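Here are the chains, one letter per residue:
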Amino acid sequence: MKSLVPGLFLVFLSFTLSAQIPAAEKKLPARRTTASPKIDGILDDEVWKDAPMVTGFIENNPIPGRVESAERRTEVKVLYDDNAIYLAARMFAKPDSIAHELVSRDQIGNADFFGVFLDTYLDRINGNGFIVTAAGSQFDAKYSQVGGEDENWNAVWESEVKLDEQGWTAEIKIPYSALRFSSKDIQNWGINFIRKRAMENSQTFWNFVDPKVNGLLNQSGTMVGLQNIKAPLRLSFSPYVSALINHYPNNVPGVKNTTTSFNGGMDVKYGISNSFTLDMTLIPDFGQVQSDNRILNLTPFEVKFNENRSFFTEGTELFNKGDLFYSRRIGVSPSYFKDLSGQLQQGETVIKSPLESKVINATKVSGRTAKGLGIGVFNAVTNAMNAVVEDEQGNKREIESQPLTNYNVFVLDQNLKNNSAISLINTNVLRQGSAYDANVTAILFNLNDKKNEYYFNGAGKMSYITANSDKDQRSGYYYDLETGKQSGNFTWSYRQRFADRLFDSSDMGFFTNNNFLDQNGTIHYNIYKPGKWYYKIATFMSLNYSRRYKPAAYQNLVLETGPYVQFKNLWSAEIYANWTAKGNDFYESRNGGLYKSPGAFTIQMYLNSNRAKAYNAGGYLGYSTRTMFDAKMYDLYFYQNFRLSDRLSFGTDFSYSPSYDFVSWVTFNGDQSVFSRYDRNTIENAIDAKYNFTNKMGINLRARHYWSDRRNKTFYNLQSDGRLADYNGPELQNTDRNYNVFNIDLIYTWQFAPGSELSITYKKLSETNDSFLTKRYFRNLDYILSGPQNNSLSIKMLYYVDYLDLRKHKKK
């Protein structure tokens, strides 16, 4: 949720607010055991009787600082041996107050949970979290002061829970193979415990985590006196086999409607040392990832999609520093395609050109030394891809459209005092043959004062692109500086960003434009102490000013503001307002020409009900207007979730955005940009459903239909002064757009052993993008459903093999 400040007078409060520092650090003595407990959720093992116990959890939300009452208390015991860390937790509660929805791994759902955060290097910056819900579902993640929560990180660990008349219990075993730590004989680790009560939206910590203080791990306690623990040999293999059958009605002679394939490959994890791990995927298969939410994009910039491939999301917090690594460049959305026009012979046309490339292998090496130096090396190779061309006689041949490509990332990240850090990052893309190569280097820093109240961070980047001749080689530069106050009820920030005309990080990163000098100032005022009718109020105000660097010119001015409030009944509401002044747009014309963009005003009002309820709903209403042609747009978004039982739930999402008399680029008349005034409808419908047989087996369904059109009304020539004049060229054809996409993802997963999984995935995709127009939604839905559809069914089995387990079996 966005938040904003209700008045500039709050600026003056910053001089009177006291510094916010973490609460007093609690200590937990480490206790070694010679007999490991049985992980069954029943806390009757003899080893637990004399283990030290911690309690006295303190609420973080909704009433910060409130200590748990005796009848709702949490009690935790911790032990360790030569192989693992063990936890036993008793959560006292009335049985009917415990939420325990069954969900798949790495999800929480509507469930109470207990977890532990471990900062094994005690740097207060990096750590791991292990959480188990009252239904037994596991969730794990990496945490960092800069990168936040990386929920894509996965480890193999054990847990069990039990519900009884006193509440519920949890037992957890975290093997050392799931952690990285130093080789010191005596170690102290950062540690904190968390408990969530879903029905009350209440969250408590053993060591108080003050919401007014920036950071999570820096507010942890300490487990002292771990002795003589050694990291085991960390070597595991995850071989997989998969089969795919695909049907698309090509109905073209010589082209099969149905194709099949059988694949096999392997993921490998190897602990190079106590601190560093090698991850490798050989001949990966990504057929089970969720489909993209494709849209009709009328902007001059690329759409950024989520990365759904687990190898490229898990454990990549080092590589994501500096926003230079957009992993979809590897295989899914490559930035380079050869210009085939010069290779076509007379009468030839391109009939097939793949938009994606095949990943041959990918490797990650990452870790952090005992002195806080993080090192990351990433490499991936994608295969060359060929386009198919055909002449007038029907003869076909292949032309290389994408070369064999090597992607690399190298990172050095040194932790400093006061949760600060400095980083060096390099990305480079090497292409086989005559295609150009690309290189980007960046230095980042993040500095905090001793009280963790004020900060100063920044980045300096240089891009270098090499091609066939010296005149095509170019270097570009970028910097980003930000300072502000990050702790307390009142916070503020000031940021300046600069990129010259040649800076380009698009070959391995997500990149839209360069040649700018931007300024941003933001102030926040948050009230965390509950009042009579609310739990929390958050407000913000932000001012953005942008100029083109060369030739120097004003681009735009934007003011944003809005309050957010969470009520005592756990409903929430928000208002967001945006005012944009008239500007100079150098991108909408698609050829660098100036377009005098209109001013705009947007307001949106959000309302969300209590998510813990079996039925919950929410959404927003929005209104936008432009100063040109009195353009208007209305926004309606509504969601609802139905939880029929702890196993079965489903939800719907609906959005409708009609716009009238908007203006933007539509096509070219020769070298001249042509704009149009148009109306547009955008409707999106989606249904999600899940049924979980157990916390390790379930079915998930997602179906989505998206329709958006563009109905041009009047055309205009873009003049040299950036203004529009009546169009006087030849008649324009096929400039209207009617885009439909319908897709279904139905996925069955079964985690039949720790780290091992069987998945069966069915996908349906139908997409049209043409000038056929109809305003009626159901005609569009019928149109897309009656058109050609791609259906695929894939089966994949991945089996986790730990080398230590194999060695134990051999000894037996």
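Structure shown above.
All figures in this text were calculated on a predicted structure; none of them were measured in a lab.

A. Spotlight on the overall build of the protein. Across its full length, the protein holds two helices and 45 strands. Rg of the C-alpha trace for the protein: 28 Å, near the compact-globule value of 28 Å for 812 residues, within the 12% margin. Seen through its principal axes, the protein has C-alpha atoms that stretch 90 × 70 × 55 Å. Within the protein, buried positions represent 50% of all 812 residues. When contacts within the protein are restricted to residue pairs at least 6 apart in sequence, those whose partners lie at least 24 apart make up 64%. Of the roughly 37,600 Å² of accessible surface on the protein, a fraction of 55% belongs to carbon and sulfur atoms. Side chains of the protein carry 91 positive and 84 negative charges; the gap between the two charge centres is 3 Å.

B. Layout of the packing of aromatic side chains. The full count for this structure, using the stated rule, is 40 aromatic pairs. Aromatic side chains Tyr 478 and Phe 516 sit 6.5 Å apart centroid to centroid with 80° between the ring planes, which places their arrangement in the edge-to-face category. Separated by 38 residues along the polypeptide, Tyr 478 in strand 27 (residues 474-485) and Phe 516 in strand 29 (residues 516-527) bring together distant segments of the chain. Each member of the pair Tyr 478 and Phe 516 is classed as buried. Within the aromatic cluster, the residues linked to one another by ring pairs are Phe 311, Phe 312, Phe 319, Phe 325 and Phe 378. Seen from the ring of Tyr 535, Lys 568 lies directly overhead, with NZ or CZ sitting 5.5 Å from the centre. Taking the ring centre of Phe 629 as reference, the NZ or CZ of Arg 677 above it sits at 5.0 Å.

C. Structural view of the nonpolar core. One finds Leu 87, Trp 189 and Phe 193 to be the most contacted residues of the largest nonpolar core, which totals 39 residues. For this core, the elements supplying multiple residues, two or more each, are strand 4 (74-80), strand 5 (84-92), strand 6 (113-119), strand 7 (126-133), strand 11 (167-175), strand 12 (186-197) and strand 14 (221-227). Judged by nonpolar contacts, the second largest core, of 21 residues, contains Phe 325, Val 359, Ala 442 and Ala 459.

D. Focus on the sheet that holds strand 11. Ordered in space as 2-4-5-11-10, the five strands form an open sheet in which the pairing is antiparallel. With one partner strand each, in any of the chains shown, strand 2 (53-54) and strand 10 (158-164) form the two edges of the open sheet. Bridge analysis of strand 10 against strand 11 gives seven bridges, and the strand direction is antiparallel. From the neighbouring strand, Asp 164 faces strand 11, where its bridge partner is Gly 167.

E. Highlighting the environment of Ala 99. With respect to the element layout, Ala 99 can be found in the loop between strand 5 and strand 6. By relative accessible area, which is 3% here, Ala 99 ends up buried. Each C-alpha atom of the pair Ala 99 and Ala 617 lies 19 Å from the other, and the pair is 518 residues apart in sequence. Those residues in contact with Ala 99 that lie beyond four places of it in its chain are Asn 110, Ala 111, Asp 112, Ala 134, Ala 198 and Met 199.

F. Region of interest: the side chain of Ser 649. Inspection of the secondary structure puts Ser 649 in strand 38 (residues 648-669). With a relative accessible area of 13%, Ser 649 lands in the buried category. The residues contacting Ser 649, other than those within four sequence positions of it, are Glu 101, Phe 642, Arg 643, Leu 644, Asp 688, Ala 689 and Lys 690.

G. Up close: the environment of Gly 264. Examined against the element boundaries, Gly 264 turns out to sit in strand 16 (residues 258-271). Overall, the relative accessible area of 34% leaves Gly 264 in the partly exposed class. Here the alpha-carbon distance between Gly 264 and Asn 692, two residues 428 residues apart in the chain, equals 28 Å. Ignoring sequence-local partners within four residues, the contact set of Gly 264 consists of Tyr 240, Val 241 and Ile 283.

H. Just helix 1 (residues 777-785), in detail. Among the residues of helix 1, Tyr 777, Asn 780 and Ile 784 are the ones counted as buried. For helix 1, the arc enclosing every buried residue in end-on projection is 60°, short of the 170-degree limit, so these residues lie on one face. Those residues of helix 1 that are exposed and aimed more than 90 degrees away from the buried face are Phe 778 and Asp 782. Looking at the buried side of helix 1, the elements it contacts are strand 39 (672-694), strand 40 (697-718), strand 42 (737-753) and strand 43 (756-770).

I. Seen up close, a nonpolar patch on the surface. Residues Val 377, Phe 410, Leu 416, Ile 422, Leu 424, Ile 443, Leu 447, Phe 456 and Leu 481 make up a contiguous nonpolar surface patch of roughly 690 Å² in combined accessible area. The set of elements that each furnish at least two residues to the nonpolar patch consists of strand 23 (405-416), strand 24 (420-431) and strand 25 (437-448). In this fold, Phe 410 is placed in strand 23. Note on Phe 410: relative accessible area 35%, which makes it partly exposed.

J. Representation of the pairing of strand 29 in the model. Where strand 28 (residues 490-499) and strand 29 come together, ten bridges link them in antiparallel fashion. Counted as the bridge partner of Gln 496 is Gln 519 from strand 29. What sits between the antiparallel neighbours strand 29 and strand 30 (residues 534-548) is a turn of six residues.

K. Geometry of the side chain of Asp 480. Examined against the element boundaries, Asp 480 turns out to sit in strand 27. In this structure the side chain of Asp 480 is engaged in a polar contact, spanning 3.5 Å, whose partner is the side chain of Tyr 478. The contact partners of Asp 480, leaving out residues within four places of it in the chain, are Asn 457, Gly 458, Ala 459, Arg 495, Gln 496 and Arg 497.

L. Spatial organisation of the pattern of salt bridges. In the structure shown here, the tally under the stated rule is 39 salt bridges. Across the salt bridge formed by Arg 723 and Asp 721, the nearest N and O atoms sit 4.0 Å from each other. A relative accessible area of 48% means that Arg 723 is categorised as partly exposed. Residue class for Asp 721 comes out partly exposed when judged on its relative accessible area of 37%. Salt bridges linked by common partners bring Asp 661, Arg 677, Asp 679 and Lys 713 together as one network.

M. Layout of the sheet that holds strand 21 (residues 385-390). With respect to topology, three strands assemble into an open sheet ordered 18-21-22, the strand pairing being antiparallel. The outermost strands of the open sheet, each flanked by one partner alone, are strand 18 (349-352) and strand 22 (396-402). On average, each strand axis in the sheet is inclined to that of its neighbour by 45°, with strand direction left out of account. Relative to strand 21, strand 18 is paired through three bridges, and the arrangement is antiparallel. Paired with Thr 349 across the two strands is Glu 390, which belongs to strand 21.

N. Quick look at unusual backbone geometry. Residues Asn 61 and Pro 62 are joined by a peptide bond in cis, for which omega reads 5°. Along the chain, Lys 550 connects to Pro 551 via a cis peptide bond; the corresponding omega equals -15°. By secondary structure assignment, the location of Pro 551 is in the loop between strand 30 and strand 31 (553-567). One non-glycine residue, Asn 201, lies in positive phi territory at about 55°. Along the polypeptide, Asn 201 turns up in the loop between strand 12 and strand 13 (202-205). The backbone of Asp 323 shows a phi angle near 55°, a positive value even though the residue is not glycine.

O. Spotlight on the pairing of strand 28. As paired elements, strand 27 and strand 28 share eight bridges and run antiparallel to each other. Paired with Leu 481 across the bridge in strand 28 is Gln 496. The antiparallel hairpin formed by strand 27 and strand 28 contains four residues in its connecting segment, where Gly 488 sits at a positive phi of about 110°.

Reading the values: the criteria
- Residues numbered from 1 in each chain as written.
- Predicted model: local features only at pLDDT ≥ 70, side-chain atom pairs only at ≥ 80, totals over all residues.
- Heavy atoms only, no water.
- Helix = DSSP H or I, 4+ residues; strand = E, 2+ residues; numbered from the N terminus.
- Rg over C-alpha atoms; globule rule 2.2 N^0.38 Å.
- Buried < 20%, exposed > 50% of the residue type's maximum accessible area, 1.4 Å probe, protein only.
- Contact = heavy atoms within 4.5 Å.
- Areas by Shrake-Rupley, 256 points an atom, 1.4 Å probe, with all protein chains shown as cover.
- Lys, Arg positive; Asp, Glu negative; His and termini not counted.
- Charge placed at Lys NZ, Arg CZ, Asp CG, Glu CD.
- Phe/Tyr/Trp six-rings, centres within 6.5 Å; stacked < 30°, edge-to-face > 60°.
- Lys NZ or Arg CZ within 6 Å of the ring centre and 35° of its normal.
- Core = buried A, V, L, I, M, F, W, Y, C linked by side-chain atoms within 4.5 Å.
- Pairing = 2+ DSSP bridges.
- Arc of directions from axis to C-beta.
- Patch = residues over 30% accessible without salt bridge, like charges linked within 9 Å, V, L, I, M, F, W, Y side chains within 5 Å.
- Salt bridge = Lys/Arg side-chain N within 4 Å of Asp/Glu carboxyl O.
- Polar contact = N/O pair within 3.5 Å; in protein donor to acceptor, adjacent residues only side chain to side chain.
- Axes fitted to C-alpha atoms, helices over the stretch in contact; angles between N-to-C directions.

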